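Fold and geometry: a report
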Amino acid sequence: MIRRPPRSTPLYSSAASDVYKRQMEQYVRRLIDTAETATDPIRSRLRTEAAVLEKSVWSSMRVLRTLHQITRSSETTQAEATNLQSVVEESVFHCQERFKRKDVSLDVHFPEDQSIVVQIEAGALTHAILILLANAFDAAMNSHKRFVSLEVTQEDGFNCIRVTDSGPGVLPAYRHRLFEPFFSTKPPGQGSGLGLYHARQIARDNDGDVVLETLPKATTFTFRLPMVRHRFLVPVFVPNFAD
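Quick caveat, the model's predicted, so the values are computed rather than measured.

Counted under the stated rule, the structure contains five salt bridges. A salt bridge links Arg 200 to Asp 209; the shortest N-O distance between them is 3.2 Å. Classification of Arg 200 as buried rests on a relative accessible area of 19%. Within this structure, Arg 200, Arg 204 and Asp 209 form a network of salt bridges that share partners.

See below:
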């Protein structure tokens, strides 16, 4: 029996996620142990059901953790002067191995000015970029020519991160719903429907936005943040040899 965490623990908190995860892992393990001693037809069915259940558990954990991040983002994060190129490079580093394994091309383009500054908490920006890259990766996997490009530009007073994929595009009937929470065009079990919603909320919490541009053979999501006048300053450590 799966027990709910204590009432003092919010359902969407990371603590609640860990409680559910441990309990569901125990349940799946008992199911697998039962399958080991069952007859062949039942064993095969139990193994299949255990695999489906385990996948659903991890999907649920992602949903709970994302909800926890959404509810805390506007309360706990503070905007700071952040070097845009550094955050983009770090985000690409986190996911480039996944792209290589699946033979998805990932091209990154920066402007000549490498000192572009955005006013946003670095962790929140990294999370938003990873969401857009993961979304583009999934879309590109459904095309013959698998590629994703990320381009940093400056347009109309905004710093823009444009993420384009070679996927089949978005049907007109779905475009106005892409940023709704829990809406997903992916097959059941493959998406929580919270990624794009969360990315747009991060942008809007920092006076920006995420906009969609779709063509027959390419889709682009642009993460926009207002331009700031000052430049990123790297603190220099000067040792005190007198000590």
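Having put the structure on the table, let's press on.
With respect to the element layout, Asn 142 can be found in the loop between helix 4 (122–140) and strand 4 (147–155). On the basis of relative accessibility, which here comes to 60%, the residue Asn 142 falls in the exposed class. Each C-alpha atom of the pair Asn 142 and Gly 167 lies 5.9 Å from the other, and the pair is 25 residues apart in sequence. There is a polar contact of 3.4 Å between the side chain of Asn 142 and the backbone oxygen of Asp 138.

On to the packing of helix 4 against helix 6 (residues 195–205). In contact at an axis separation of 9 Å, helix 4 and helix 6 are set at 145 degrees when each is read in the N-to-C sense. At the point where helix 4 passes helix 6, the crossing takes the left-handed sense. Between helix 4 and helix 6, the residues in contact are Ala 124, His 127, Ala 128, Ile 131, Leu 132 and Asn 135 and Gly 195, Leu 196, His 198, Ala 199 and Ile 202, respectively. Partitioned by chemical class, the residues of the contact of helix 4 with helix 6 number seven nonpolar, four polar and no charged.

Cut-off values and rules
Residues numbered from 1 in each chain as written. Predicted model: local features only at pLDDT ≥ 70, side-chain atom pairs only at ≥ 80, totals over all residues. Heavy atoms only, no water. Salt bridge = Lys/Arg side-chain N within 4 Å of Asp/Glu carboxyl O. Buried < 20%, exposed > 50% of the residue type's maximum accessible area, 1.4 Å probe, protein only. Helix = DSSP H or I, 4+ residues; strand = E, 2+ residues; numbered from the N terminus. Polar contact = N/O pair within 3.5 Å; in protein donor to acceptor, adjacent residues only side chain to side chain. Axes fitted to C-alpha atoms, helices over the stretch in contact; angles between N-to-C directions. Left-handed = near helix turned anticlockwise from the far one by under 90°. Contact = heavy atoms within 4.5 Å. Nonpolar A, V, L, I, M, F, W, Y, C, P; charged D, E, K, R; others polar.

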